[in-house]
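# Structural characterization, general
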Amino acid sequence: MQGDVLVVGGGLAGLCATFELLESGRRVSLFDRDEPSRFGGLARESFGGMFLVDTPEQRRAGIRDSAALALADWLSFAQFDAEETWPRAWAHAYVERCTVEVGLWLRERGVGYFPVPNWVERGLYVPGNSVPRFHIVWGTGQGLVDALRKRLEAHANRSLLTLHFGHRVERLLSRDGAIVGLAGAREDNGAAFEARGGAVIVAAGGINGNLDRVRAHWHRDWGKPPATILNGSHRYADGTLHDAVERVGGRITHLDRMWNYAAGVHHPRPRMPDEGLSLVPPRSALWLDASGARIGPMPLVTGFDTRDLVARICARPPGHSWQLMNRRIALKELAVSGAEFNPSVRDKRRLAFLRDLIFGNRWLYRQMVEGCVDFVCAPTLAELVARMNALNGDHAVELERVRAAAEGFDANIARGPALYNDEQLRRIADLRRWRGDRIRTCRHQPILDPKAGPLIAVREFIISRKSLGGMQTDLASRVLGSDGQPIAGLLAAGEAAGFGGGGVHGLRALEGTFLGGCVLSGRIAGRTAAGLT
Ligand SMILES: Cc1cc2nc3c(=O)[nH]c(=O)nc-3n(C[C@H](O)[C@H](O)[C@H](O)COP(=O)(O)OP(=O)(O)OC[C@H]3O[C@@H](n4cnc5c(N)ncnc54)[C@H](O)[C@@H]3O)c2cc1C
């Protein structure tokens, strides 16, 4: 097989790189292990939240943002070491360029955003997003991918593109220090194939779909990996291309940096082993440890520092937790990240979306309570605890601890807002000041309120999601070797490249930066490769 440029991976990063190559009139061969129906990779399954700065949506919502403010927030969250030159350079590039090269570029290709940006990752012990920046694509990640695919199919240079699905790339071919092709095997019959080209762009995703690798690179801050980790990544995000790049001298950095989530539950209809769903954990629920005690003294509340939530749960063996709530809280606040469990946004059904917001998401409630093994319901605390223990197959949860947590919290609410002395209640009040959150957060809902039942407990595991580290790249998306020099003909983009520079996020992500990072680094890789060929 021949092509001017070979792209490995048809996720968002590979798609954007391909787009730029066609714009430049280059011949492209794209290789992906997966089936054609999954073209678009993880972005297709994603929720479609994008970190963008100083946008029309922000201005209309009265938010004044700037690249300087966004950079300050990014650097605060990232906590880069002095020697992290390329990640830092990519962080600067992203905040300065995302408005035009990501947000506007997508808008011009038919992507629309919700009118009110969400406010995520506000920061806890270090400042996070100073203002709301999480722009949700109307249509979720599926709409984003569909819009790009439609444009790709209709492209004037479409005939220059050849798509090879079901092709697993295993090796990179080099000659005189330059990358000249790739090799692998077909998924259906194992037949070997080789392809030659003037440049190879690796956009094959991260390592977080491979739980052995996730455990091997577990960050020291999180102690020992928990006994159960669920998989919320791509089934082929296994690091094969990381190894291939390393074998030809490419530098792989920061694989211990990952963006995992604390509220993973088993997928009701798994398509791969250990497949999990990442819940958006209800803020009004009480977060309990494996024994049923409320985690504290600083309670766990989502929306501030996801990495801290993961660290706090990992610090409590065996590394799973429970969230205690009632039906009223679940209806208003329960959500699952991704396109699959947000059908009204995915299918652009405005009325259904508004109905769920106003009357509660009954569809999701039913799906989870009836279909997900980690949800248990009961009319009383005693019955609930018995079901929690039956689910876990032990007697770890103690009724008295759960009761103390629920009654203590409810007593605080009963004293009235002027006397609230609970950090979770303070944070809920804080969250509700932003209208994007007010609409999805209960005012101050007691757990044991008899009118709000039944009671619900959700067993939650750490779920593996995104690799923040990867192939080190310069600002042209060229993969760097151990001497710090670019390897001729080799580029990387998206999660494979740690979204740029081998770790653009540092320790923490401000969220929405993954899709955005794929678009920016993918487009840059495409343009650089076009210049090489
Ligand atoms: C449920 C969910 C919700 C998310 N929500 C958001 C969100 O709201 N905002 C956000 O910013 N991010 C979100 N993300 C993360 C984001 O979707 C991903 O980080 C991003 O899409 C990764 O894109 P990629 O192109 O780098 O890699 P991928 O999407 O992983 O694509 C890589 C491609 O390479 C192929 N491949 C892998 N190995 C090989 C091989 N050896 N040979 C050939 N092909 C190979 C794979 O089949 C795949 O198609 C979410 C992720 C999930 C799962």
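Let me sum up the structure you'll find in this document. (Residues numbered from 1 in each chain as written. Predicted model: local features only at pLDDT ≥ 70, side-chain atom pairs only at ≥ 80, totals over all residues. Heavy atoms only, no water.)

### Section: the overall build of the protein chain
Along the protein chain, the regular secondary structure elements total 18 helices and 21 strands. Expressed as lengths along the three principal axes of its C-alpha atoms, the size of the protein chain is roughly 75 × 50 × 45 Å. Across the 533 residues that make up the protein chain, the buried fraction comes to 61%. The contacts of the protein chain with a sequence gap of at least 6 include a subset with a gap of at least 24, amounting to 76%. Of the roughly 19,900 Å² of accessible surface on the protein chain, 52% is carried by carbon and sulfur atoms. Positive and negative charge centroids in the protein chain, built from 68 and 58 side chains respectively, lie 5 Å apart. (Helix = DSSP H or I, 4+ residues; strand = E, 2+ residues; numbered from the N terminus. Buried < 20%, exposed > 50% of the residue type's maximum accessible area, 1.4 Å probe, protein only. Contact = heavy atoms within 4.5 Å. Areas by Shrake-Rupley, 256 points an atom, 1.4 Å probe, with all protein chains shown as cover. Lys, Arg positive; Asp, Glu negative; His and termini not counted. Charge placed at Lys NZ, Arg CZ, Asp CG, Glu CD.)

### Side note on the site of the ligand
In the vicinity of the ligand, 41 residues are found, and the nearest of them are Asp-32, Leu-42, Gly-49, Glu-495 and Leu-515. In this structure, Gly-48 approaches the ligand through a main-chain N or O atom, which is 3.3 Å from an oxygen atom. Separating an oxygen atom of the ligand from a side-chain N or O atom of Glu-495 is a distance of 2.8 Å. Summarising the interface, the protein chains cover 97% of the accessible area of the ligand, which totals 1,000 Å² for the free molecule. Looking at the shell around the ligand, the elements that each hand over two or more residues are helix H1 (12-23), strand S2 (28-32), helix H2 (41-45), strand S6 (167-175), strand S18 (455-467) and helix H18 (513-532). Its residues placed into classes, the shell around the ligand shows 17 nonpolar, 16 polar and eight charged. (Near = heavy atom within 4 Å. Polar contact = N/O pair within 3.5 Å; in protein donor to acceptor, adjacent residues only side chain to side chain. Nonpolar A, V, L, I, M, F, W, Y, C, P; charged D, E, K, R; others polar.)

### Focus: the side chain of Glu-333
Tracing the sequence through the fold places Glu-333 in helix H10 (residues 327-333). As a buried residue without a salt bridge, Glu-333 has its nearest oppositely charged side chain in Arg-283, at a separation of 6.1 Å. There is a polar contact of 2.5 Å between the side chain of Glu-333 and the side chain of Ser-284. Discounting chain neighbours no more than four positions away, the residues touching Glu-333 are Val-280, Pro-282, Arg-283, Ser-284, Arg-440, Thr-441 and Cys-442. (Salt bridge = Lys/Arg side-chain N within 4 Å of Asp/Glu carboxyl O.)

### Re the state of the cysteines
Each disulfide consists of one covalent bond between the sulfur atoms belonging to two cysteines. Taken as a whole and judged by the stated rule, the model has zero disulfides. In this model Cys-16 remains outside any disulfide bridge; the closest cysteine sulfur is found in Cys-518, 7.6 Å from its own. Judged by its relative accessible area of 1%, Cys-16 is buried. Left unpaired, Cys-372 is separated from the closest cysteine sulfur, that of Cys-377, by 11 Å. Given a relative accessible area of 4%, Cys-372 falls into the buried group. (Disulfide = S-S within 2.5 Å.)

### Some details on a positive patch on the surface
A cluster of basic residues, Lys-150, Arg-151, Lys-348 and Arg-350, forms a positive patch on the protein surface. Counting through the fold element by element, Lys-348 comes out in the loop between helix H11 (343-346) and helix H12 (350-359). Judged by relative accessible area, Lys-348 falls into the partly exposed class, the value being 44%. (Patch = residues over 30% accessible without salt bridge, like charges linked within 9 Å, V, L, I, M, F, W, Y side chains within 5 Å.)

### A short note on a nonpolar patch on the surface
On the surface, a cluster of nonpolar side chains totalling about 490 Å² of accessible area is made up of Leu-351, Leu-354, Ile-358 and Phe-359. Along the chain, Ile-358 turns up in helix H12. By relative accessible area, which is 61% here, Ile-358 ends up exposed.

### Section: the sheet that holds strand S21 (residues 486-492)
The strand order S5-S2-S1-S9-S21-S20 describes an open sheet built from six strands, whose pairing is mixed. With partners counted over all chains shown, the strands left at the sheet margins are strand S5 (161-165) and strand S20 (478-480), one partner each. Going from strand to strand, the sheet's axes swing by 30 degrees on average, the running direction of each strand aside. Strand direction decides the pairing type here: S20 and S21, joined by two bridges, are antiparallel. Bridge pairing in S21 places Leu-480 opposite Pro-486. (Pairing = 2+ DSSP bridges. Axes fitted to C-alpha atoms, helices over the stretch in contact; angles between N-to-C directions.)

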